[in-house]
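# Commentary on secondary and tertiary structure
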Amino acid sequence: MPMTTPWTLAQRAARMNPSIIREILKLTELPGVLSMAGGLPSPDTFPIEEMREACARVLADSPREALQYAASEGYGPLREWVAGQLQKQGQKVSPAQVLITTGSQQGLDLIAKILVDSGAPVAVEAPTYLGALQAFAPFEPIFTSVAGDADGPLPEAIARLPHDAPGTRFMYVLPNFQNPTGRVMPEARREAVVRAAQAAHLPLVEDNPYGDLWFDAPPPAPLAARWPEGTIYLGSFSKVLAPGLRLGYVVAPPELCPKLLQAKQAADLHTPGFNQRVVFEVIRNGFLDEHVPRIRARYKAQRDAMATALQAHLPAGSEWSAPQGGMFFWIRLPAGCHAMALLPKAVEAGVAYVPGEPFYAQNPDTRTMRLSFVTLTPEEINRAVATLGRVLREHLASDNQQETP
Ligand code: PMP
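All of the points below concern the structure found in this document. (Residues numbered from 1 in each chain as written. Predicted model: local features only at pLDDT ≥ 70, side-chain atom pairs only at ≥ 80, totals over all residues. Heavy atoms only, no water.)

### Topic: the overall build of the protein chain
The helix and strand inventory of the protein chain stands at 15 helices and 14 strands. By principal-axis analysis of the C-alpha atoms, the protein chain measures approximately 65 × 65 × 50 Å. Buried positions account for 53% of the 405 residues belonging to the protein chain. If you take every contact in the protein chain between residues at least 6 apart in sequence, the share linking residues at least 24 apart comes to 76%. As presented, the protein chain carries roughly 18200 Å² of accessible surface, and 55% of it is formed by carbon and sulfur atoms. (Helix = DSSP H or I, 4+ residues; strand = E, 2+ residues; numbered from the N terminus. Buried < 20%, exposed > 50% of the residue type's maximum accessible area, 1.4 Å probe, protein only. Contact = heavy atoms within 4.5 Å. Areas by Shrake-Rupley, 256 points an atom, 1.4 Å probe, with all protein chains shown as cover.)

Structure, rendered in structure tokens:
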């Protein structure tokens, strides 16, 4: 008799898909591949010496507390530090509203857990951060994609939501150097988006891991500063210190804090107290004020290298604009190019990218791709983009363009 499995998977498990990015990253780990695929901060920016000293200090000064179970809300001094930083960018935040999470990725999970029922509408940008779609999906929302342009989501599309998707629980939005498009929402659009959201009675979930990585001018004040009662704000230490620390935070309106805390407790009791204390030791005396400008200068040079390389090597009809911060270029290829179908050819030629398709909740634009400029050196960026350009031009010159679906 064939053995039958004793396990029955939950319906929500069917909503979980292998991350296409992770699958692609496997390809890009092949030797000799120049990868512009992963959104990995440059390890050259990790403050290794400062971390080493801070670990030693925490273990010398408060080893028993640092290694003990800790409060679910997070380490008090770190919550105060976060509230202080956000106040500087115009947000009215008390430390009591700050929940330290295990990466901002966990914040996305907790938010969906307390706000999304099966079948409830959730609005997202088109395209949006793939990891947010993955975090929300197990709660079985119905995604509504909000149309946008180079400045962000269109206020008139937000205004239509009460009609098109009544009862939308929230709109997930990335105003600063969005993953994947790199776009930043200008002041006027922020105002218009918030006004439209307020009129539509549509709460906002504002994700801001890239806001500090601006190259020319800091971005305008966050949406949360304009509508604190209607906005949940997420931040992260991943892009300004190191992602391996898994430290992020959620700032919620007071009425939501108890539920978020209960969800956090159930998920993992608390974010590692040791990591929180170490990070607080590193940043407490203004370290980031010197450190973040160094990251900006480095990434800006890499951005410039990629802009020059794209100009030199991509085939006519390709469209992009240089991002003013963050980590990504978003490219729209000429007609006849299908980014997903071309990826194996690119990897074979020694270069990798992420196709844009998985960043759309619906109706993907299959001609799009995301290129990260932060992991390769300017010289490698030039070589990688030259190779990519060659692959694209060969494809466009061949007869088999139709082969791409
Ligand atoms: N939001 C966005 C838009 C991201 O790009 C990322 C990381 N790639 C995250 C959230 C999660 O970051 P972390 O969990 O490391 O804070």
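### Observations concerning unusual backbone geometry
The linkage connecting Ala 126 with the following residue, Pro 127, adopts the cis geometry, with an omega of 0 degrees. A cis geometry characterises the amide bond from Asn 179 onward to Pro 180, with omega recorded as 20 degrees. Inspection of the secondary structure puts Pro 180 in the loop between β7 (171–173) and α9 (187–200). Despite not being glycine, Arg 246 shows a phi value in the positive range, around 50 degrees. By relative accessible area, which is 33% here, Arg 246 ends up partly exposed. Positive phi outside glycine occurs at Leu 269, with the angle close to 65 degrees. Relative to the elements of secondary structure, Leu 269 occurs in the loop between α11 (257–268) and α12 (273–283).

### A few points about the pairing of strand β14 (residues 368–372)
Counting buried residues in β14 gives 5 out of 5 residues, a clear majority hidden from the surface. The side-chain alternation of β14 yields two buried faces, one formed by Thr 368, Arg 370 and Ser 372 and the other by Met 369 and Leu 371. Across 5 bridges, strand β11 (residues 328–332) lies against β14 in antiparallel orientation. Across the sheet, Trp 330 pairs through a bridge with Arg 370, a residue of β14. (Pairing = 2+ DSSP bridges.)

### Some points on helix α6 (residues 103–115)
In an α-helix there are 3.6 residues to a turn, and that puts residues three or four apart on one side. Taking 1.5 Å of rise per residue, the 13 residues of α6 would be expected to cover 18 Å, and the 19 Å separating its terminal C-alpha atoms lies within 8% of that figure. Within α6, the full set of buried residues consists of Gly 103, Ser 104, Gln 106, Gly 107, Leu 108, Leu 110, Ile 111 and Ala 112. (Expected span 1.5 Å × (residues − 1).)

### Considerations on the sheet that holds strand β2 (residues 98–101)
Spatial strand order, β2-β10-β9-β8-β7-β3-β4: 7 strands in an open sheet with mixed pairing. Looking at strand neighbours, the two that pair on one side only are β2 and β4 (142–146), the edges of this open sheet. For this sheet the average axis-to-axis angle between neighbouring strands, irrespective of direction, equals 20 degrees. Examined bridge by bridge, strand β8 (residues 204–207) and strand β9 (residues 231–236) share 4 bridges and lie parallel to one another. Each residue of the ladder has a partner; that of Glu 206, found in β9, is Tyr 233. Strand contacts of helix α8 (residues 155–164): β3 (121–125), β4 and β7, with the helix running at about 150 degrees to β4, the strand carrying the most contacts. (Axes fitted to C-alpha atoms, helices over the stretch in contact; angles between N-to-C directions.)

### Re the pattern of salt bridges
Pairing between side chains of opposite charge can happen when the charged atoms of each approach one another. For the structure shown, the criterion picks out 17 salt bridges. For Asp 117, the salt bridge goes to Arg 169, with nearest N and O atoms at 3.1 Å. Placement of the pair is Asp 117 in the loop between α6 and β3 and Arg 169 in the loop between α8 and β7, with a sequence separation of 52 residues. Given the relative accessible area of 45%, Asp 117 is considered partly exposed. A single salt-bridge network, built from bridges that share partners, covers Glu 187, Glu 191, Arg 195 and Arg 226. (Salt bridge = Lys/Arg side-chain N within 4 Å of Asp/Glu carboxyl O.)

Just distances and angles here, no functional claims.
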